[in-house]
Amino acid sequence: MPLTMLSSGREAIIIDCKAEGSTKKFLEALGIVPGVTISVISRIKGNLIVRVNGTRLALNKGIANQLLVQV
């Protein structure tokens, strides 16, 4: 399921990233790669605040939709 469907406070494992090019490289540089645990902290106007590797990050809805996760 896309990351945008994960409820706040839940953890999941990233299984795939559908982003391409510079967006994919940007996510990889942030540590957002398959196999990593990600959790949604909160939502603000459809955008997500997530925790990855102990770091809080903001992702817009478009990018979050391209990340597939498994609970």
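Everything numeric here is computed off the predicted structure, so don't read it as measured data. (Residues numbered from 1 in each chain as written. Predicted model: local features only at pLDDT ≥ 70, side-chain atom pairs only at ≥ 80, totals over all residues. Heavy atoms only, no water.)

**As for the environment of Ser7**
The condition that has to hold: Here a helix means four or more residues in a row that DSSP labels H or I, a strand means two or more in a row labelled E, and each is numbered from the N terminus. Three exposure classes are used, based on accessible area relative to the maximum for each residue type with a 1.4 Å probe and protein chains only: buried under 20%, partly exposed in between, and exposed over 50%. The contact criterion used is simple: two residues touch if any of their non-hydrogen atoms lie within 4.5 Å.
Positionally, Ser7 belongs in the segment before strand 1 (11-17). According to the relative accessible area criterion, Ser7 is partly exposed, its value standing at 41%. Note: C-alpha distance between Ser7 and Glu28 (21 residues apart in sequence) is 23 Å. Excluding anything up to four places from it in sequence, Ser7 contacts Val40 and Arg43.

**What to know about the nonpolar core**
Note the threshold: Throughout, nonpolar core names a set of buried Ala, Val, Leu, Ile, Met, Phe, Trp, Tyr and Cys residues whose side chains join them through atoms within 4.5 Å.
Core analysis: the biggest nonpolar cluster contains 20 residues, and Leu3, Leu27, Ile32, Val50 and Leu59 have the highest contact counts within it. When contributions to this core are tallied by element, the ones reaching two or more residues are strand 1, strand 2 (37-44), strand 3 (47-52), strand 4 (55-59), helix 2 (61-65) and strand 5 (67-70). Apart from the residues within four sequence positions on either side, Val50 is in contact with Leu3, Ile38, Ser39, Val40, Ile41, Thr55, Arg56, Leu57 and Leu59.

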